[in-house]
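Notes for the structure review
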Amino acid sequence: MSVAKLPTNEATNLSNDAWQTRKNDAVARGQGHIAPVFVEHAAGSEIWDVEGRRYIDFGTGIAVCSAGHCHPKITAAVTEQLNKFSHTCVMVTPYDTSVRLAEKLNQLAPGTSKKKSIFVTTGAEAIENAVKIARAHTGRRGVIAFNGGFHGRTMLAMGLTGKITPYKNLFGPFPAEIYHAPFPIEYHGVSVADALKAVDNLFKVDIAASDVAAIVVEPVQGEGGFYPAPVEFLQALRALCDEHGIVLVVDEIQTGFARTGKMFCSELSDIEPDLMTVAKGMANGFPIAAVVGKAEIMDSPLPGGLGGTYAGSPIGCAAALAMIDVIEEENLIAGSSHVGEVFATRLKALQAKHPDTIGHLRTDHGAMMAMELVKHGDADQPDAELTKSLLGLAYQKGLVLLSCGSRGNVIRYLPALNISDDLINEGLDIIESCLAELT
Ligand SMILES: Cc1ncc(COP(=O)(O)O)c(C=O)c1O
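Attention in this report is confined to the structure presented alongside it. Everything numeric in this text was worked out from a predicted model, so none of it was measured. Residue indices follow the written sequence of each chain, beginning from 1 at its first position. At least 70 in pLDDT is required for a residue's local features to be given in this predicted model, at least 80 for side-chain atom pairs to be given and counted, and no such filter applies to totals for whole chains, interfaces and linings, which use all residues. As a convention, hydrogens and water are excluded, and side-chain values are obtained from all of the structure's heavy atoms.

Before going further, it helps to spend a moment on the site of the ligand. To be near a molecule or strand, a residue needs just one of its heavy atoms within 4 Å of it. Taken together, the residues surrounding the ligand are Thr122, Gly123, Ala124, Phe150, His151, Gly152, Glu218, Asp251, Ile253, Gln254 and Lys280. The contact in question runs from an oxygen atom of the ligand to an N or O atom on the backbone of Gly123, over 2.8 Å. Nitrogen and oxygen atoms within 3.5 Å of one another constitute a polar contact, given that in protein one can donate a hydrogen and the other can accept it, and given that sequence-neighbouring residues count only through two side-chain atoms. A distance of 2.7 Å separates a nitrogen atom of the ligand from a polar side-chain atom of Asp251. Protein burial of the ligand: of its 380 Å² of free accessible surface, 84% is covered by the chains. Residue classes follow a fixed rule: Ala, Val, Leu, Ile, Met, Phe, Trp, Tyr, Cys and Pro count as nonpolar, while Asp, Glu, Lys and Arg count as charged, and any other residue, Gly among them, counts as polar. Here the shell around the ligand is composed, by residue class, of three nonpolar, five polar and three charged. Methods summary: accessible areas were calculated by the Shrake-Rupley approach with a probe of 1.4 Å, and residue burial reflects only the protein chains presented.

The structure is reproduced here in C-alpha coordinates:
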(Lines give C-alpha, C1' and ligand atoms only; values in the text may rest on other atoms or scores of the structure.)
Protein backbone atom coordinates (compact mmCIF):
# COMPACT_ATOMS: atom_id res chain seq x y z
CA MET A 1 0.00 0.00 0.00
CA SER A 2 1.45 3.38 -0.90
CA VAL A 3 1.50 6.09 1.75
CA ALA A 4 0.87 9.68 0.67
CA LYS A 5 3.97 11.75 1.17
CA LEU A 6 3.47 14.63 3.58
CA PRO A 7 4.21 18.06 2.15
CA THR A 8 7.45 19.49 3.50
CA ASN A 9 7.94 22.90 5.05
CA GLU A 10 4.22 23.41 5.67
CA ALA A 11 4.14 23.42 9.43
CA THR A 12 3.81 27.13 10.02
CA ASN A 13 1.02 28.05 7.63
CA LEU A 14 -1.71 25.57 8.51
CA SER A 15 -4.74 26.63 10.54
CA ASN A 16 -5.79 25.11 13.86
CA ASP A 17 -8.64 23.38 11.99
CA ALA A 18 -6.26 21.86 9.47
CA TRP A 19 -4.01 20.53 12.25
CA GLN A 20 -7.08 19.21 14.04
CA THR A 21 -8.06 17.25 10.94
CA ARG A 22 -4.56 15.82 10.60
CA LYS A 23 -4.45 15.00 14.31
CA ASN A 24 -7.79 13.19 14.13
CA ASP A 25 -6.34 11.07 11.35
CA ALA A 26 -2.95 10.41 12.93
CA VAL A 27 -3.42 10.29 16.71
CA ALA A 28 -5.73 7.82 18.47
CA ARG A 29 -8.77 9.50 20.02
CA GLY A 30 -7.86 8.23 23.49
CA GLN A 31 -5.21 10.93 23.62
CA GLY A 32 -7.71 13.75 23.42
CA HIS A 33 -7.18 17.44 24.09
CA ILE A 34 -9.18 20.24 25.61
CA ALA A 35 -8.66 23.23 23.36
CA PRO A 36 -8.82 23.44 19.57
CA VAL A 37 -5.54 25.35 19.67
CA PHE A 38 -2.20 24.24 18.22
CA VAL A 39 0.66 26.06 19.88
CA GLU A 40 3.32 27.86 17.87
CA HIS A 41 5.24 29.43 20.75
CA ALA A 42 4.81 30.52 24.35
CA ALA A 43 6.53 32.95 26.69
CA GLY A 44 5.83 33.76 30.33
CA SER A 45 2.08 33.49 30.83
CA GLU A 46 1.12 33.85 27.17
CA ILE A 47 0.73 31.34 24.34
CA TRP A 48 0.45 31.98 20.59
CA ASP A 49 -1.21 29.53 18.23
CA VAL A 50 -0.37 28.62 14.64
CA GLU A 51 -2.74 31.34 13.42
CA GLY A 52 -0.94 34.02 15.43
CA ARG A 53 -3.70 34.33 18.06
CA ARG A 54 -2.59 35.09 21.59
CA TYR A 55 -3.91 33.41 24.75
CA ILE A 56 -3.43 34.12 28.43
CA ASP A 57 -2.42 30.89 30.11
CA PHE A 58 -4.33 29.99 33.29
CA GLY A 59 -3.34 26.30 32.99
CA THR A 60 0.50 26.12 32.72
CA GLY A 61 0.19 22.74 31.01
CA ILE A 62 -1.64 21.39 34.10
CA ALA A 63 0.45 22.91 36.88
CA VAL A 64 3.81 22.39 35.19
CA CYS A 65 5.26 25.67 33.89
CA SER A 66 4.98 27.44 37.24
CA ALA A 67 7.82 29.85 36.43
CA GLY A 68 6.20 30.75 33.10
CA HIS A 69 6.98 29.40 29.65
CA CYS A 70 10.61 29.51 28.51
CA HIS A 71 11.98 30.94 31.73
CA PRO A 72 15.46 32.20 30.66
CA LYS A 73 17.36 30.67 33.58
CA ILE A 74 15.83 27.24 33.03
CA THR A 75 16.30 27.42 29.26
CA ALA A 76 19.95 28.38 29.80
CA ALA A 77 20.55 25.49 32.23
CA VAL A 78 18.97 22.99 29.83
CA THR A 79 20.91 24.37 26.85
CA GLU A 80 24.17 24.14 28.78
CA GLN A 81 23.40 20.54 29.73
CA LEU A 82 22.45 19.67 26.14
CA ASN A 83 25.82 20.90 24.98
CA LYS A 84 27.56 18.56 27.44
CA PHE A 85 25.52 15.34 27.08
CA SER A 86 21.84 14.46 26.93
CA HIS A 87 21.79 10.86 28.20
CA THR A 88 24.04 8.24 29.70
CA CYS A 89 21.42 6.56 31.94
CA VAL A 90 21.59 7.34 35.61
CA MET A 91 21.70 3.58 36.32
CA VAL A 92 24.83 3.13 34.18
CA THR A 93 27.07 6.17 34.58
CA PRO A 94 25.43 8.79 36.79
CA TYR A 95 26.28 12.50 36.92
CA ASP A 96 26.72 15.12 39.60
CA THR A 97 23.43 16.89 38.88
CA SER A 98 21.43 13.79 39.87
CA VAL A 99 23.20 13.75 43.24
CA ARG A 100 22.87 17.49 43.72
CA LEU A 101 19.15 17.33 42.93
CA ALA A 102 18.60 14.45 45.37
CA GLU A 103 20.44 16.41 48.06
CA LYS A 104 18.31 19.47 47.35
CA LEU A 105 15.03 17.53 47.47
CA ASN A 106 16.06 15.76 50.68
CA GLN A 107 16.77 19.12 52.23
CA LEU A 108 13.50 20.71 51.04
CA ALA A 109 11.16 17.83 51.95
CA PRO A 110 9.04 18.52 55.05
CA GLY A 111 10.15 17.12 58.41
CA THR A 112 13.39 16.46 60.20
CA SER A 113 14.05 12.76 59.42
CA LYS A 114 16.96 11.93 57.15
CA LYS A 115 15.66 11.69 53.59
CA LYS A 116 16.66 9.94 50.37
CA SER A 117 15.29 10.31 46.84
CA ILE A 118 14.93 8.36 43.63
CA PHE A 119 14.15 9.76 40.19
CA VAL A 120 11.73 8.61 37.53
CA THR A 121 10.12 10.35 34.57
CA THR A 122 6.40 10.86 35.21
CA GLY A 123 4.05 11.34 38.12
CA ALA A 124 2.40 7.95 37.62
CA GLU A 125 5.80 6.27 37.80
CA ALA A 126 6.55 8.12 41.02
CA ILE A 127 3.32 6.78 42.55
CA GLU A 128 4.04 3.23 41.36
CA ASN A 129 7.49 3.40 42.90
CA ALA A 130 6.20 4.84 46.17
CA VAL A 131 3.89 1.83 46.50
CA LYS A 132 6.73 -0.55 45.61
CA ILE A 133 8.93 1.04 48.28
CA ALA A 134 6.13 0.93 50.87
CA ARG A 135 5.49 -2.75 50.14
CA ALA A 136 9.19 -3.59 50.30
CA HIS A 137 9.47 -1.75 53.61
CA THR A 138 6.41 -3.24 55.31
CA GLY A 139 6.18 -6.65 53.64
CA ARG A 140 2.45 -5.91 53.36
CA ARG A 141 0.12 -5.87 50.35
CA GLY A 142 -2.77 -3.42 50.82
CA VAL A 143 -2.98 0.19 49.67
CA ILE A 144 -5.70 2.66 50.65
CA ALA A 145 -6.55 5.61 48.42
CA PHE A 146 -9.48 8.02 48.29
CA ASN A 147 -12.61 8.60 46.24
CA GLY A 148 -11.98 11.36 43.71
CA GLY A 149 -8.20 10.99 43.97
CA PHE A 150 -6.08 11.00 40.83
CA HIS A 151 -2.67 9.36 40.69
CA GLY A 152 -1.97 8.73 37.00
CA ARG A 153 -2.72 6.52 34.04
CA THR A 154 -0.52 3.44 34.49
CA MET A 155 -2.26 0.33 35.82
CA LEU A 156 -1.43 0.66 39.51
CA ALA A 157 -1.82 4.46 39.49
CA MET A 158 -5.14 4.04 37.69
CA GLY A 159 -6.21 1.46 40.22
CA LEU A 160 -5.50 3.97 42.98
CA THR A 161 -7.37 6.69 41.11
CA GLY A 162 -10.87 7.19 42.47
CA LYS A 163 -12.59 8.45 39.33
CA ILE A 164 -14.00 6.20 36.62
CA THR A 165 -14.62 8.47 33.63
CA PRO A 166 -12.48 8.94 31.62
CA TYR A 167 -9.57 7.32 33.42
CA LYS A 168 -10.72 3.77 34.22
CA ASN A 169 -13.44 3.05 31.65
CA LEU A 170 -12.62 -0.01 29.51
CA PHE A 171 -9.23 -0.62 31.16
CA GLY A 172 -9.86 -3.13 33.94
CA PRO A 173 -9.12 -5.39 35.66
CA PHE A 174 -6.95 -3.29 37.94
CA PRO A 175 -4.27 -4.51 40.34
CA ALA A 176 -5.59 -6.19 43.46
CA GLU A 177 -5.36 -5.02 47.06
CA ILE A 178 -6.42 -1.43 46.49
CA TYR A 179 -9.14 -0.03 48.75
CA HIS A 180 -10.93 3.30 48.46
CA ALA A 181 -12.39 5.45 51.21
CA PRO A 182 -14.40 8.69 50.99
CA PHE A 183 -12.43 11.94 50.90
CA PRO A 184 -13.67 14.60 53.31
CA ILE A 185 -15.43 17.41 51.44
CA GLU A 186 -17.53 19.58 53.71
CA TYR A 187 -19.30 21.21 50.72
CA HIS A 188 -20.59 17.77 49.71
CA GLY A 189 -21.52 16.67 53.18
CA VAL A 190 -18.57 14.38 53.91
CA SER A 191 -16.93 15.35 57.18
CA VAL A 192 -13.47 14.45 58.41
CA ALA A 193 -15.13 12.17 60.97
CA ASP A 194 -17.08 10.39 58.19
CA ALA A 195 -13.93 9.83 56.16
CA LEU A 196 -11.93 8.52 59.12
CA LYS A 197 -14.79 6.26 60.14
CA ALA A 198 -14.79 4.81 56.63
CA VAL A 199 -11.06 4.02 56.86
CA ASP A 200 -11.68 2.37 60.20
CA ASN A 201 -14.49 0.40 58.61
CA LEU A 202 -12.13 -0.80 55.85
CA PHE A 203 -9.92 -2.19 58.59
CA LYS A 204 -12.92 -4.08 59.96
CA VAL A 205 -14.50 -5.43 56.77
CA ASP A 206 -11.93 -5.44 53.95
CA ILE A 207 -8.34 -5.54 55.12
CA ALA A 208 -6.67 -5.60 58.53
CA ALA A 209 -4.62 -2.51 59.32
CA SER A 210 -1.66 -4.84 59.82
CA ASP A 211 -1.90 -5.85 56.14
CA VAL A 212 -1.89 -2.28 54.81
CA ALA A 213 1.40 -1.13 53.30
CA ALA A 214 0.43 2.45 52.41
CA ILE A 215 -2.20 5.15 52.51
CA VAL A 216 -1.90 7.41 49.45
CA VAL A 217 -3.43 10.88 49.65
CA GLU A 218 -3.32 14.20 47.79
CA PRO A 219 -3.13 17.19 50.15
CA VAL A 220 -5.39 19.00 47.68
CA GLN A 221 -7.25 16.72 45.29
CA GLY A 222 -6.33 17.83 41.78
CA GLU A 223 -8.29 16.14 38.98
CA GLY A 224 -10.92 15.25 41.60
CA GLY A 225 -12.01 18.88 41.96
CA PHE A 226 -9.42 20.93 43.88
CA TYR A 227 -10.71 19.90 47.29
CA PRO A 228 -8.14 20.55 50.03
CA ALA A 229 -7.68 17.81 52.61
CA PRO A 230 -8.53 19.46 55.94
CA VAL A 231 -5.56 19.87 58.28
CA GLU A 232 -7.15 17.63 60.92
CA PHE A 233 -7.69 14.90 58.32
CA LEU A 234 -4.03 14.79 57.24
CA GLN A 235 -2.94 14.89 60.86
CA ALA A 236 -5.30 12.04 61.71
CA LEU A 237 -3.96 9.97 58.80
CA ARG A 238 -0.44 10.67 60.04
CA ALA A 239 -1.41 9.40 63.50
CA LEU A 240 -3.23 6.37 62.05
CA CYS A 241 -0.18 5.41 59.97
CA ASP A 242 2.08 5.79 63.01
CA GLU A 243 -0.25 3.63 65.09
CA HIS A 244 -0.39 0.78 62.55
CA GLY A 245 3.04 0.97 60.92
CA ILE A 246 1.51 2.07 57.60
CA VAL A 247 3.56 4.19 55.16
CA LEU A 248 1.91 7.58 54.53
CA VAL A 249 2.43 8.54 50.89
CA VAL A 250 1.56 12.16 50.17
CA ASP A 251 1.06 12.78 46.45
CA GLU A 252 2.43 16.30 45.92
CA ILE A 253 2.64 15.89 42.15
CA GLN A 254 0.21 18.76 41.50
CA THR A 255 0.59 20.65 44.79
CA GLY A 256 4.38 20.68 45.11
CA PHE A 257 7.04 23.27 44.31
CA ALA A 258 5.37 26.40 45.67
CA ARG A 259 2.00 25.85 43.95
CA THR A 260 0.00 26.19 47.19
CA GLY A 261 1.96 29.02 48.81
CA LYS A 262 4.39 26.62 50.54
CA MET A 263 7.21 24.66 48.96
CA PHE A 264 5.11 21.55 49.66
CA CYS A 265 1.46 21.55 50.64
CA SER A 266 2.07 19.05 53.49
CA GLU A 267 3.71 21.95 55.37
CA LEU A 268 0.29 23.58 55.72
CA SER A 269 -0.82 20.63 57.87
CA ASP A 270 2.50 20.38 59.65
CA ILE A 271 2.88 16.71 58.79
CA GLU A 272 5.95 14.80 57.67
CA PRO A 273 5.04 12.32 54.92
CA ASP A 274 6.88 8.99 55.00
CA LEU A 275 7.12 9.21 51.23
CA MET A 276 6.27 12.12 48.98
CA THR A 277 5.79 11.94 45.20
CA VAL A 278 6.70 14.98 43.10
CA ALA A 279 6.71 15.83 39.38
CA LYS A 280 5.01 18.55 37.27
CA GLY A 281 6.14 21.94 38.65
CA MET A 282 9.48 20.43 39.63
CA ALA A 283 11.21 21.20 36.33
CA ASN A 284 8.97 23.75 34.57
CA GLY A 285 8.15 21.48 31.63
CA PHE A 286 10.98 18.96 31.42
CA PRO A 287 9.92 15.41 32.27
CA ILE A 288 11.27 14.35 35.63
CA ALA A 289 9.60 13.03 38.77
CA ALA A 290 10.80 11.75 42.12
CA VAL A 291 9.97 9.90 45.28
CA VAL A 292 11.46 11.61 48.33
CA GLY A 293 11.13 10.02 51.73
CA LYS A 294 12.49 8.81 55.01
CA ALA A 295 15.84 7.19 54.33
CA GLU A 296 15.16 3.94 56.19
CA ILE A 297 11.99 3.39 54.12
CA MET A 298 13.53 4.54 50.82
CA ASP A 299 16.41 2.06 51.23
CA SER A 300 14.10 -0.98 51.54
CA PRO A 301 14.13 -2.14 47.86
CA LEU A 302 17.23 -3.99 46.68
CA PRO A 303 19.73 -2.31 44.32
CA GLY A 304 18.34 -2.30 40.77
CA GLY A 305 14.73 -2.61 41.97
CA LEU A 306 13.94 1.01 41.18
CA GLY A 307 14.75 3.10 38.12
CA GLY A 308 14.11 3.32 34.39
CA THR A 309 16.08 4.13 31.25
CA TYR A 310 15.24 7.83 31.34
CA ALA A 311 14.86 8.09 35.12
CA GLY A 312 16.39 11.36 36.29
CA SER A 313 17.59 12.38 32.84
CA PRO A 314 20.40 14.95 32.81
CA ILE A 315 18.07 17.43 31.09
CA GLY A 316 15.40 16.95 33.76
CA CYS A 317 17.96 17.26 36.56
CA ALA A 318 19.41 20.47 35.08
CA ALA A 319 15.92 21.93 34.65
CA ALA A 320 14.83 20.94 38.17
CA LEU A 321 17.94 22.41 39.80
CA ALA A 322 17.40 25.65 37.87
CA MET A 323 13.69 25.66 38.77
CA ILE A 324 14.45 25.31 42.48
CA ASP A 325 16.91 28.24 42.16
CA VAL A 326 14.21 30.29 40.42
CA ILE A 327 11.68 29.49 43.16
CA GLU A 328 14.18 30.68 45.76
CA GLU A 329 15.67 33.68 43.89
CA GLU A 330 12.35 35.03 42.60
CA ASN A 331 10.47 34.12 45.76
CA LEU A 332 7.78 32.19 43.93
CA ILE A 333 6.40 30.92 47.23
CA ALA A 334 5.34 34.47 48.08
CA GLY A 335 4.38 34.89 44.40
CA SER A 336 2.00 31.96 44.69
CA SER A 337 0.28 33.48 47.73
CA HIS A 338 0.04 36.85 45.97
CA VAL A 339 -1.52 35.29 42.87
CA GLY A 340 -3.98 33.46 45.12
CA GLU A 341 -4.99 36.70 46.83
CA VAL A 342 -5.53 38.59 43.57
CA PHE A 343 -7.68 35.75 42.24
CA ALA A 344 -9.58 35.42 45.52
CA THR A 345 -10.61 39.08 45.57
CA ARG A 346 -11.90 39.01 42.01
CA LEU A 347 -13.53 35.57 42.27
CA LYS A 348 -15.39 36.54 45.45
CA ALA A 349 -16.80 39.58 43.66
CA LEU A 350 -17.77 37.35 40.73
CA GLN A 351 -19.48 34.90 43.07
CA ALA A 352 -21.45 37.77 44.61
CA LYS A 353 -22.71 38.56 41.09
CA HIS A 354 -23.54 34.91 40.30
CA PRO A 355 -24.48 33.33 43.65
CA ASP A 356 -26.69 30.66 42.05
CA THR A 357 -24.00 29.60 39.59
CA ILE A 358 -20.74 29.77 41.52
CA GLY A 359 -21.68 27.39 44.29
CA HIS A 360 -18.29 27.23 45.98
CA LEU A 361 -14.91 28.94 45.75
CA ARG A 362 -11.63 27.38 46.85
CA THR A 363 -9.02 30.09 47.15
CA ASP A 364 -7.04 29.29 50.29
CA HIS A 365 -4.16 27.39 48.71
CA GLY A 366 -1.97 29.89 46.88
CA ALA A 367 -2.16 29.64 43.11
CA MET A 368 -4.28 26.47 43.13
CA MET A 369 -7.77 27.90 42.96
CA ALA A 370 -11.16 26.68 41.82
CA MET A 371 -14.80 27.59 41.43
CA GLU A 372 -17.53 24.97 41.42
CA LEU A 373 -20.42 25.62 39.06
CA VAL A 374 -23.89 24.48 40.08
CA LYS A 375 -27.55 25.05 39.22
CA HIS A 376 -29.75 27.10 41.56
CA GLY A 377 -26.96 27.42 44.13
CA ASP A 378 -27.39 23.72 44.96
CA ALA A 379 -24.23 21.69 45.63
CA ASP A 380 -26.08 18.57 44.47
CA GLN A 381 -26.85 19.99 41.04
CA PRO A 382 -23.49 20.20 39.25
CA ASP A 383 -23.49 22.27 36.06
CA ALA A 384 -21.12 20.35 33.81
CA GLU A 385 -22.68 21.81 30.65
CA LEU A 386 -21.99 25.37 31.76
CA THR A 387 -18.44 24.39 32.74
CA LYS A 388 -17.84 22.97 29.27
CA SER A 389 -19.36 26.02 27.56
CA LEU A 390 -17.27 28.35 29.71
CA LEU A 391 -14.07 26.56 28.70
CA GLY A 392 -15.02 26.71 25.01
CA LEU A 393 -15.93 30.39 25.09
CA ALA A 394 -12.83 31.28 27.10
CA TYR A 395 -10.63 29.75 24.39
CA GLN A 396 -12.47 31.74 21.74
CA LYS A 397 -11.80 34.89 23.73
CA GLY A 398 -8.11 34.10 24.21
CA LEU A 399 -7.85 32.35 27.57
CA VAL A 400 -6.46 28.88 28.25
CA LEU A 401 -8.59 27.45 31.03
CA LEU A 402 -8.95 24.00 32.63
CA SER A 403 -11.76 22.16 34.34
CA CYS A 404 -11.72 19.22 36.76
CA GLY A 405 -13.94 17.46 39.26
CA SER A 406 -15.56 14.05 39.51
CA ARG A 407 -18.73 15.66 38.23
CA GLY A 408 -17.06 17.83 35.59
CA ASN A 409 -18.26 21.09 37.10
CA VAL A 410 -15.14 22.73 38.50
CA ILE A 411 -13.10 25.45 36.81
CA ARG A 412 -9.55 25.24 38.10
CA TYR A 413 -7.00 28.02 37.93
CA LEU A 414 -3.33 27.08 37.74
CA PRO A 415 -1.48 30.15 36.44
CA ALA A 416 2.27 30.69 36.63
CA LEU A 417 3.39 31.82 40.08
CA ASN A 418 4.93 34.95 38.56
CA ILE A 419 2.01 35.95 36.33
CA SER A 420 1.45 39.73 36.43
CA ASP A 421 -1.61 41.28 38.04
CA ASP A 422 -2.45 42.79 34.64
CA LEU A 423 -2.62 39.38 32.98
CA ILE A 424 -4.64 37.94 35.87
CA ASN A 425 -7.12 40.76 35.54
CA GLU A 426 -7.26 40.48 31.76
CA GLY A 427 -7.94 36.73 32.09
CA LEU A 428 -10.58 37.20 34.77
CA ASP A 429 -12.26 39.90 32.66
CA ILE A 430 -12.67 37.19 30.03
CA ILE A 431 -14.18 34.80 32.59
CA GLU A 432 -16.53 37.53 33.73
CA SER A 433 -17.70 38.30 30.21
CA CYS A 434 -18.10 34.57 29.43
CA LEU A 435 -20.26 34.04 32.53
CA ALA A 436 -22.34 37.11 31.69
CA GLU A 437 -22.92 35.69 28.20
CA LEU A 438 -23.67 32.14 29.30
CA THR A 439 -25.88 32.64 32.35
C1 LIG B 1 -1.91 14.39 42.02
C2 LIG B 1 -1.41 13.72 40.77
N3 LIG B 1 -0.79 12.54 40.87
C4 LIG B 1 -0.31 11.90 39.79
C5 LIG B 1 -0.45 12.43 38.52
C6 LIG B 1 0.08 11.70 37.34
O7 LIG B 1 1.18 12.37 36.80
P8 LIG B 1 1.65 12.08 35.30
O9 LIG B 1 0.57 12.55 34.40
O10 LIG B 1 2.94 12.84 35.16
O11 LIG B 1 1.86 10.61 35.20
C12 LIG B 1 -1.09 13.66 38.38
C13 LIG B 1 -1.29 14.25 37.05
O14 LIG B 1 -2.14 15.08 36.81
C15 LIG B 1 -1.58 14.33 39.54
O16 LIG B 1 -2.22 15.50 39.45
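Let us look at the layout of surface pockets. In the cavity and pocket records, a cavity denotes points on a 1 Å grid over the protein atoms alone where a 1.4 Å probe fits but cannot get out, a pocket denotes an open set with protein on both sides within 12 Å along at least 5 of 7 lines, and lining residues are residues with an atom within 4 Å of a point. Grid points are joined across faces, edges and corners, and a volume is the space filled by probe spheres set on the points. Its boundaries defined by the atoms lining it, the second largest pocket holds a volume of some 500 Å³. Lining the second largest pocket are 20 residues, with Val90, Ser117, Ile118, Phe119 and Leu306 positioned closest to its centre. Helix numbers and strand numbers start at the N terminus; a helix is a DSSP run of H or I with at least 4 residues, a strand a run of E with at least 2. Listing elements by their share of the lining of the second largest pocket, those giving two or more residues are α4 (96-108) and β4 (115-120). If one sorts the elements of the lining of the second largest pocket by residue count, β4 sits on top with four residues. Of the residues that constitute the lining of the second largest pocket, the class distribution is 13 nonpolar, five polar and two charged.

All right, on to the pairing of strand β11 (residues 275-278) then. For every residue, the accessible area (1.4 Å probe, protein chains only) is compared with the maximum for its type, and the residue is labelled buried under 20%, exposed over 50%, or partly exposed between those bounds. Here β11 shows a buried face lined by Leu275 and Thr277 and a second buried face lined by Met276 and Val278. Criterion used throughout: strands pair if DSSP finds at least two bridges between them. Bridge count for β11 against strand β12 (residues 289-294) is four bridges, and the pairing is antiparallel. Paired with Thr277 across the bridge in β12 is Val291.

Now for the pattern of salt bridges. When their charged atoms lie close together, side chains carrying opposite charge are able to pair. By salt bridge we mean one thing: a side-chain nitrogen of Lys or Arg within 4 Å of a carboxyl oxygen of Asp or Glu. Counted according to the given criterion, the structure contains 23 salt bridges. Between Lys73 and Asp325 there is a salt bridge whose closest N-O contact spans 3.9 Å. Taken as a pair, Lys73 in helix α3 (residues 72-84) and Asp325 in helix α10 (residues 314-329) lie far apart in primary sequence, 252 residues in all. For Lys73, a relative accessible area of 31% puts it in the partly exposed group. The exposure class assigned to Asp325 is partly exposed, which follows from its relative accessible area of 29%. We note a salt bridge from Arg238 to Asp242, for which the minimum N-O separation is 2.7 Å. Pair noted here: Arg238 and Asp242 are both in helix α8 (residues 231-244), with a separation of four residues, about one helical turn. Among the residues examined, Arg238 registers a relative accessible area of 10% and is labelled buried.

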